[in-house]
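Below are the chains, spelled out letter by letter.
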Amino acid sequence: MITLHWKGRTASVSTPGSEAGKEMDKRFDPRAYEAAWQRRWAEAGYFVAAAPSEKPSFCLMIPPPNVTGKLHIGHALMTALQDLLTRWQRMRGKNALFLPGTDHAGIATQLMVERQLAKEGTSRRELGRERFLERVWAWKEQYQGNIREQLDLLGASCDWSRERFTLDEGLSRSVREAFVRLYEEGLIRRGEYLVNWSPVLETAVSDLEVEMKTVQGKLYHIAYPVEGSEQRIVVATTRPETMLGDTAVAFHPEDERYRHLTGRAAILPLVGRRIPFVADPAVEPEFGTGLVKVTPFHDPFDFELGRRHGLPGISVIDRRGRMTAEAGPDFAGLDRAEARAKVVERLRAEGYLVKVESHVHNVGHSQRGGEPIEPLVSTQWFLEVSGMAGRALSALHDGSLKLVPDTFDKTWEHWLSNIRPWCISRQLWWGHQIPAWYDEAGRCFVARSFEEAAKAAGTDRLTQDEDVLDTWFSSGLWPFSTLGWPEETADLATFYPTDVLVTAHDILFFWVARMVMMGLHLTDKVPFATVHLTGLVRDAAGEKMSKTKGNVLDPSELIAEYGADALRFTLTSLDSPGRDIPLNPEQIAGYRAFGNKIWNAARFCLSRVGEARVAGHLDLTGLAAPERWILSRLSRVAGEVGERLEGYRFDEACNLLYHFFWGDLCDWYIELSKPALTGEAPRPRVGEVLLTVLDRSLRLLHPVMPFLTEEVWQRLPGHEAIHPETICLAPYPEREPAWEDLGAEGVEAGMEALIQVVTRVRALRAELNLPPKAGIALTLLAADDGLAQFLADQEPLLAFLCRADAVATATPREGARRDLVAGVEIGVLASAASRSPEGLGGAERERLEKERERLDGEIARAEERLGNETFVSKAPAQVVEGNRRKLAELKERREHLVASLATLDA
RNA sequence: GGGAGGUUAGCUCAGCGGUUAGAGCACCUGCCUUACACGCAGGGGGUCGCGGGUUCAAAUCCCUCACCUCCCACCA
């Protein structure tokens with residue numbers, strides 16, 4: 001029995017339009033049942049996980065989507081894979097938890113709301129912090145709702161009773177706890193450093209949020225007079241406006257050209273400031289003139305160099321990208337671009353500009369808004385991550401963390417080995433306000449709450465730090481904050497550490513690495529055993545999707561058109577390791593056709609199986625070859641699908657299922673079942689086998705196509721024996737070794753030969769240009785006695801599949817078109833009445849001659865190979881033997897071909 | 001500058017040491033054979049980026065090169 005505790009009530013299970021035995025609509029229309037099943041499953045509470053639980057647990061967290069808008073196709077991919085894993089594990093009897101939630105997405109969301117305010121003619125500053133935040137919360141409510149709806153459309157089997165939001169009460173507590181602990185350990189500190197500053201957003205951003213872009217710029221060569229001499233030295237810079245903040249000129253200590261300048265100073269043009277020469281090994285003598293102007297407060301290289309030499313810094317650019325008063329009265333207030341033009345103009349006018357070269361270089365741009373980042377000095381909070389990074393590295397090395405595919409291992413190592421302190425403060429309003437308070441003397445108290453801070457300060461006249469934390473700080477805690485950490489909750493004990501993380505590889509550092517570091521540091525555990533990294537979804541041409549290109553595919557629209565199952569199957573089958581995913585709507589249409597195929601196969605079975613019922617355990621006794629064959633195939637496919645899922649090869653699992661269902665089951669077994677079901681050539685328990693194979697196929701497919709499989713499965717007579725209520729909780733099929741019948745004498749070998757024979761006969765029919773309804777006389781002669789007997793037993797089936805009037809075990813008759821396949825000599829003789837008058841013309845002759853040439857080529861190659869002594873002696877006996885057999889068959893086929901050609905001449 | 005990945009049928013991709021290299025879509029020829037035209041049967045189409053090497057055997061392993069994609073990176 002399952003416990004149903006969705007909103008505390010027991011679910012009454014009513015069917016949305018499907019009952020066992022009820023006739024299926026002729027039309028396949030996913031819209032008719034998808035939403036209904038999602039509602040039913042939720043009402044029944046199938047996806048609510050238990051804590052604690054006797055069962056082994058399986059847990060997977062949604063990478064929380066930003067509450068900025070709709071889910072995009074990348075989310076659909078991740079959701080499809082996450083849900084596939086969850087449903088699979090749930091069917092394997094695990095206490096499975098797929099925990100949903102959303103991310104407050106500080107900068108992104110704040111920008112959206114600010115944009116909205118701008119349209120209304122107001123701004124966040126006009127509203128003030130409190131009223132602004134009210135607006136953002138209202139926004140969040142709306143968009144969180146959208147996201148829930150979309151996850152439902154996709155069929156995500158989330159436990160909504162455990163939904164979380166990064167800014168909710170519980171997670172905020174986790175964030176404060178983490179911050180305070182890290183602060184108390186001395187890993188978080190506040191200080192004045194050079195940071196990446198966005199003059200548009202007016203906030204600091206982390207290194208990861210800076211994108212380097214190649215820019216065609218200019219290299220300005222500027223002459224700086226040397227103090228106390230007539231000499232002028234020349235420096236090269238791409239940013240002449242920063243010279244106003246220069247405090248030194250540097251050269252390489254070994255550089256003979258400039259060693260004599262040691263201890264001397266230059267006079268800064270336009271400003272007149274005396275700035276010293278310093279020697280530093282970081283300076284590249286080969287670049288420019290080998291002399292570098294040093295602007296410690298506006299360039300990362302200069303900042304480090306300045307620190308090494310104890311140089312002062314001067315801030316000449318402010319937080320909005322304008323020149324400060326310290327830039328001098330001529331420049332103060334100018335925008336940085338204007339200032340550059342004016343500085344260059346003045347330098348030229350005063351004769352300091354030596355030359356201007358065109359120069360290609362990299363400039364940091366804001367990942368968010370695209371504007372150039374300004375390196376500025378400001379007071380920020382930093383997290384020292386080097387220790388945690390070391391542990392994250394070891395986790396990969398000792399196997400407690402696995403990246404799939406492992407091509408990301410090197411990336412992981414490189415990034416974590418070169419990591420620098422993380423700037424975690426943001427000058428925004430939407431986010432977790434930093435739990436630090438200042439008293440009137442400016443002393444800082446970091447605490448879990450205002451009360452705690454007040455106690456420590458001995459006063460409640462405190463002001464909280466205005467800044468908020470980088471969104472990724474709270475995201476970094478997601479795998480355990482969502483489960484109640486730091487409380488020792490039942491959820492945490494049951495589900496943490498989690499099992500798998502599925503996410504796109506573009507947030508490996510932003511998110512995955514931070515979760516691993518934070519998880520290891522704060523919980524002493526790797527937050528998940530495996531990370532499955534997906535590619536990025538692109539359009540059909542492999543282009544990145546973007547609004548400006550207009551090639552964005554909206555999952556909701558795709559679901560409306562093709563159904564969620566088709567979209568899921570498509571995305572899942574495209575998830576090949578380490579590759580981006582080109583999504584073509586035509587392909588989704590192809591997989592919708594697969595849905596149609598399943599629908600109609602089920603329709604056929606249900607209308608023909610009579611009183612048969614699904615068998616939980618099927619006894620093979622008395623079953624004929626086709627039945628034993630399909631069961632053997634089914635068992636092997638179940639085994640292979642399981643292996644592929646274990647190995648995160650979802651694409652291969654999809655392919656196996658697709659080809660088994662369409663190829664083995666529909667093209668062959670269902671066709672083979674027809675003569676038996678109509679009573680033409682009865683066989684025992686065909687209906688039972690049909691239903692059993694269908695049941696297991698649907699269960700195998702359920703994690704990928706949840707809606708269709710449930711809709712169809714509910715109609716199978718006897719499905720209740722597998723699970724009383726739902727396919728979601730029915731066991732996932734595994735191999736049934738007793739069903740497998742392999743080997744040379746096995747039923748799979750026999751049926752494989754039969755299939756090859758039928759296929760060849762059909763091809764011969766086509767070559768003879770026989771009308772589909774024309775009868776033929778078919779003769780078969782197998783060299784192997786066992787096979788001959790097998791085929792003789794299947795004569796009614798062969799006649800049915802080949803549309804033959806007669807099938808005989810005999811040598812081909814005079815005038816018959818002859819061929820050989822799988823050791824079976826085939827003779828096809830058209831019934832006199834159906835012989836097409838134009839049938840055996842030049843086209844037929846041409847085809848046969850082309851085929852003979854091809855065979856000649858192959859025979860020659862096979863003979864050459866077998867004539868090679870080293871091949872015969874060194875290659876495995878099996879391979880040599882295979883080649884011998886092949887050669888014999890090729891030769892025989894050629895003989896038949898020649899005979900057929902002779903018939904044409906007659 | 002460092003690193004990763006890619007280059008296979010018209011398109012998008014599997015395959016990654018062994019007989020005639022696969023799939024989906026597209027294409028051609030027949031079929032409304034009563035489960036399915038979202039279908040059935042048959043078919044055409046590839047010197048597996050270039051050049052070397054290892055091997056009895058290479059699309060598959062190694063090396064060079066070319067082109068493409070992405071990630072990382074404080075030569076001003």
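Everything here concerns the structure above.
Residues numbered from 1 in each chain as written. Chains lettered and ligands numbered in written order. Predicted model: local features only at pLDDT ≥ 70, side-chain atom pairs only at ≥ 80, totals over all residues. Heavy atoms only, no water.

A. Just the sheet that holds strand E19 (residues 444–446), in detail. With antiparallel pairing, the three strands of this open sheet are ordered in space as E19-E18-E20. Two strands in the sheet have a free side with no partner beyond their single neighbour: E19 and strand E20 (463–464). Of the strand pairs in this sheet, strand E18 (residues 436–438) and E19 are connected by three bridges, and their pairing is antiparallel. Residue Trp437 lies in a different strand from E19, and its bridge partner there is Phe445. (Pairing = 2+ DSSP bridges. Helix = DSSP H or I, 4+ residues; strand = E, 2+ residues; numbered from the N terminus.)

B. Fine view of the protein's contact with RNA strand B. Surveying the vicinity of RNA strand B reveals 57 residues, the closest of which are Arg579, Asn596, Arg608, Lys874 and Lys886. Backbone atoms, meaning sugar plus phosphate, form 62% of the atoms of RNA strand B positioned within 4 Å of the protein. Here a sugar or linking oxygen of RNA strand B sits 2.5 Å away from a polar atom, N or O, in the side chain of Asn596. Residue Lys597 places a side-chain N or O atom 2.7 Å away from a phosphate oxygen belonging to RNA strand B. Examining the composition of the surface near RNA strand B, we find that ten residues originate from one element, helix H18 (residues 585–608), more than from any other. Residues of the surface near RNA strand B, tallied by class, amount to 21 nonpolar, 14 polar and 22 charged. (Near = heavy atom within 4 Å. Polar contact = N/O pair within 3.5 Å; in protein donor to acceptor, adjacent residues only side chain to side chain. Nonpolar A, V, L, I, M, F, W, Y, C, P; charged D, E, K, R; others polar.)

C. Looking closely at the nonpolar core. One finds Leu383, Trp412, Phe473 and Leu778 to be the most contacted residues of the largest nonpolar core, which totals 203 residues. Other than its neighbours up to four places away in sequence, Trp412 contacts Ala392, Leu393, Leu396, Leu401, Leu403, Leu508, Val512, Ala513 and Val516. If you look at the next biggest cluster of nonpolar residues, it comprises 35 residues, including Val195, Tyr224, Val343 and Val344. (Core = buried A, V, L, I, M, F, W, Y, C linked by side-chain atoms within 4.5 Å. Buried < 20%, exposed > 50% of the residue type's maximum accessible area, 1.4 Å probe, protein only. Contact = heavy atoms within 4.5 Å.)

D. Local environment of the side chain of Lys140. Counting through the fold element by element, Lys140 comes out in helix H5 (residues 129–154). Setting aside residues no more than four positions away along its own chain, Lys140 makes contact with Val67, Phe165 and Trp430.

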